[in-house]
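Descriptive structure summary
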Amino acid sequence: MSRGVRMVMLGRQGAGKGTQCVRLSRHYVVPHISTGDMLRAAVREGTPLGRKAHEIMNNGGLVPDDLMIDIVDDRLDRDDTTSRGYILDGFPRTVGQAEALEKITASLPLDLVVDLHVATEVVLERLASRRVCADCGHNYSVDAPPKYGWVCDNCGGDVVQREDDKPDAISKRLAEYEANTAPLIEWYRDRGLLEVVDGLGPADEVTERLYAVVDARRSS
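This structure is a prediction, so every number in the text was calculated from the model and none was measured.

Here is what the cut-offs are and how they apply
- Residues numbered from 1 in each chain as written.
- Predicted model: local features only at pLDDT ≥ 70, side-chain atom pairs only at ≥ 80, totals over all residues.
- Heavy atoms only, no water.
- Patch = residues over 30% accessible without salt bridge, like charges linked within 9 Å, V, L, I, M, F, W, Y side chains within 5 Å.
- Areas by Shrake-Rupley, 256 points an atom, 1.4 Å probe, with all protein chains shown as cover.
- Salt bridge = Lys/Arg side-chain N within 4 Å of Asp/Glu carboxyl O.
- Lys, Arg positive; Asp, Glu negative; His and termini not counted.
- Charge placed at Lys NZ, Arg CZ, Asp CG, Glu CD.
- Helix = DSSP H or I, 4+ residues; strand = E, 2+ residues; numbered from the N terminus.
- Buried < 20%, exposed > 50% of the residue type's maximum accessible area, 1.4 Å probe, protein only.

Turning our eyes to something else, we now look at a negative patch on the surface. On the surface, Asp65, Asp66, Asp70, Asp73, Asp77 and Asp79 cluster together into a patch of negative charge. If you tally residues by element for the negative patch, the top one is helix H4 (residues 65–76), at 4 residues. Its location among the elements puts Asp79 in helix H5 (residues 79–84).

Before going further, it helps to spend a moment on the environment of Val122. Looking at where Val122 falls in the secondary structure, it is placed in helix H7 (residues 120–129). Expressed as a C-alpha distance, the spacing of Val122 and Leu200, which sit 78 residues apart in the sequence, is 8.8 Å.

Our next topic: the pattern of salt bridges. The tally for this structure, following the rule as stated, stands at 14 salt bridges. In this structure, Arg130 engages Asp165 in a salt bridge whose closest nitrogen and oxygen atoms are separated by 3.0 Å. Residue Arg130 is located in strand E5 (residues 130–133), and its partner Asp165 is located in the loop between strand E7 (159–160) and helix H8 (167–181); the two are separated by 35 residues in the primary sequence. Judged on exposure class, the residue Arg130 and its partner Asp165 are both buried. As a salt-bridge pair, Asp165 and Arg162 come within 3.6 Å of each other at their nearest N and O atoms. Linked through salt bridges whose partners overlap, the residues forming this network are Arg130, Arg162, Asp165 and Arg173.

Distances and angles like these do not, on their own, reveal function.
What follows is the structure, encoded as structure tokens:
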């Protein structure tokens, strides 16, 4: 077990980040840490940060940057990440969060940041056709549905279209990405950390492209 990597995955919603992060996590034997995972874990474990986040979300609010940064800091200070690394998915979302992450990781800096590039028109089509298991979160699409009706092949849960995958919500999310997250691409390029990987094509081909850029960074 000798691989390991410290990296951030960027990309528009619908670019396939979730699928690829899971594969990278298994290949490099590091945790795949998403914003949602971190929040749910903090809430489930009942940490002080988790209780604060839970209260904010229960009241319909968005978790503020300072709290999100504290949750990330706490997660990246655990043994599995300090010893082997991690794949961050969904954080940072803004240059301000990236600046905070740079401080958090000062002693163990990032190896690279990947922008999984898929054009807007393609992700719009993907998101509009995406369906998700309400229980386990497994992804399907109208072109690749479950075997039996809209019942998840993995766990038997209901497969549904999420509210944030409907047209108005998709447009809003992509606009937010362009306004807030896209500037991170230049920020990380300026620091020599950015690798752009084409996210089009069969998932296995995209995975091989990702392995190639990660391995090149780790051997440099």
